[in-house]
Amino acid sequence: MSVPPPNEGGEREGPVIRDKRRLDPLTGQVREPAQASAPGAPGADAGQTTESGEGPALESETGEDSEVAKLSAQLEERTSDLQRLQAEYSNYRKRVERDRTAVREQSLGNVLNELLPILDDIGRARDHDELTGGFKSVGEALEAAVGKLGLERFGEKGEPFDPTVHEALLHSYSTDVTETTCVDILQPGYRIGGRILRPARVAVAEPAEPSEADPSETDNEK
């Protein structure tokens, strides 16, 4: 119990008694807790705002979302940079490998090109049955060595004429062919990989009607 101070008239009001018992002495029921401060009371707005989570908590969540979005954008940018660098490096590596192969083929081709006359002599000697004895062993060893280096010989009788790999030195018409054909190989061709060191020099024949055949053959038939 507390005694209140005197009022303006100097008179004291009666004592104020506050019953803080939890149980109602008349009904024996548990009393309801005091309600929250009325609207407008000091601290009421702050308490309600904090409990409802619509004040500082909402601002914090918004700030976190903004930070996450910023980090995601940076991650995408860095990922794009790494992908671009990887693609550039891959293209650079392929270009270097392609250039290295081209330089190797060119250097090797220059060396092998100097050996072609010797290979021609070996081929002519074989055609005339003159490739015998020690000369035969040396010739075959040389052909095997240049073959291991990638040198390939081409040009055979009866194959279709291809201006990209054949050089026609003689031309004629024949009823024995149905397309422009290499009827004789005057000098074989050589290539290394996809590079032609020397085209095959050939004699070609085109298909023709019997009336377009060689006049000398017609005279002989008569």
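These figures come from a predicted structure and were not determined experimentally. (Residues numbered from 1 in each chain as written. Predicted model: local features only at pLDDT ≥ 70, side-chain atom pairs only at ≥ 80, totals over all residues. Heavy atoms only, no water.)

Participant: Explain the overall build of the protein here, please?
Facilitator: Counting its regular elements, the protein contains four helices and six strands. Along the chain direction, N to C, the helices and strands of the protein fall in the order α-α-α-β-β-β-β-β-β-α. With 222 residues in all, the protein has 17% of them scored as buried. Taking all contacts inside the protein whose residues are at least 6 apart in sequence as the whole, residues at least 24 apart take part in 57%. (Helix = DSSP H or I, 4+ residues; strand = E, 2+ residues; numbered from the N terminus. Buried < 20%, exposed > 50% of the residue type's maximum accessible area, 1.4 Å probe, protein only. Contact = heavy atoms within 4.5 Å.)

Participant: Looking at this model, I keep getting lost on the packing of aromatic side chains. Mind explaining?
Facilitator: Working definition: an aromatic ring pair is given by the centre-to-centre distance plus the angle between the planes. Overall, the coordinates contain zero aromatic pairs when judged by the stated rule. The residue whose ring lies beneath Arg191 is Phe154, and the NZ or CZ to ring-centre distance is 4.6 Å. (Phe/Tyr/Trp six-rings, centres within 6.5 Å; stacked < 30°, edge-to-face > 60°. Lys NZ or Arg CZ within 6 Å of the ring centre and 35° of its normal.)

Participant: What exactly am I supposed to notice about the pattern of salt bridges here?
Facilitator: Where charged atoms from two side chains of opposite charge come close, those side chains can pair. Scanning all chains against the criterion turns up nine salt bridges. Here Asp81 ties to Arg84 by a salt bridge, and the two come within 2.7 Å at their closest N and O atoms. Of the two residues, Asp81 and Arg84 both sit in helix H2 (residues 56-127), three residues apart, roughly one turn of that helix. By relative accessible area, Asp81 is classed as partly exposed at 25%. Residue classification places Arg84 among the partly exposed positions, given a relative accessible area of 45%. Salt-bridge contacts for Glu152 lead to Arg191; the nearest nitrogen and oxygen are separated by 3.4 Å. With Glu152 in strand S1 (residues 151-154) and Arg191 in strand S4 (residues 189-192), this pair connects stretches of sequence that are 39 residues apart. For Glu152, a relative accessible area of 38% gives the class partly exposed. (Salt bridge = Lys/Arg side-chain N within 4 Å of Asp/Glu carboxyl O.)

Participant: For this particular structure, what's the right way to read the sheet that holds strand S2 (residues 166-174)?
Facilitator: Adjacent strands of a sheet pair through backbone hydrogen bonds, lying either parallel or antiparallel. Strand order in the open sheet formed by three strands is S2-S6-S3, with mixed pairing between adjacent strands. Because the sheet does not close on itself, it has two edges, and the strands there are S2 and strand S3 (181-187). Taken pair by pair, the neighbouring strands of this sheet meet at an average axis angle of 25 degrees, ignoring direction. As paired elements, S2 and strand S6 (residues 200-207) share eight bridges and run parallel to each other. Looking across to S6, one finds that His171 is bridged to Val204. (Pairing = 2+ DSSP bridges. Axes fitted to C-alpha atoms, helices over the stretch in contact; angles between N-to-C directions.)

Participant: Looking at this structure, I do not really get the nonpolar core. What am I missing?
Facilitator: Nonpolar side chains in soluble globular proteins tend to be buried together. Leu108, Leu112, Leu116, Leu119, Val146, Leu151, Tyr190, Ile192 and Leu197 together form the largest nonpolar core, which totals nine residues. Every element with two or more residues in this core is listed here: H2 and S4. The element contributing the most residues to this core is H2, with four residues. In contact with Leu108, not counting residues within four places along its chain, are Leu149 and Ile192. (Core = buried A, V, L, I, M, F, W, Y, C linked by side-chain atoms within 4.5 Å.)

Participant: Explain the pairing of S4 here, please?
Facilitator: Pairing analysis gives four bridges linking S1 to S4, with the strands arranged antiparallel. In the strand pairing of S4, Arg153 is matched with Tyr190.

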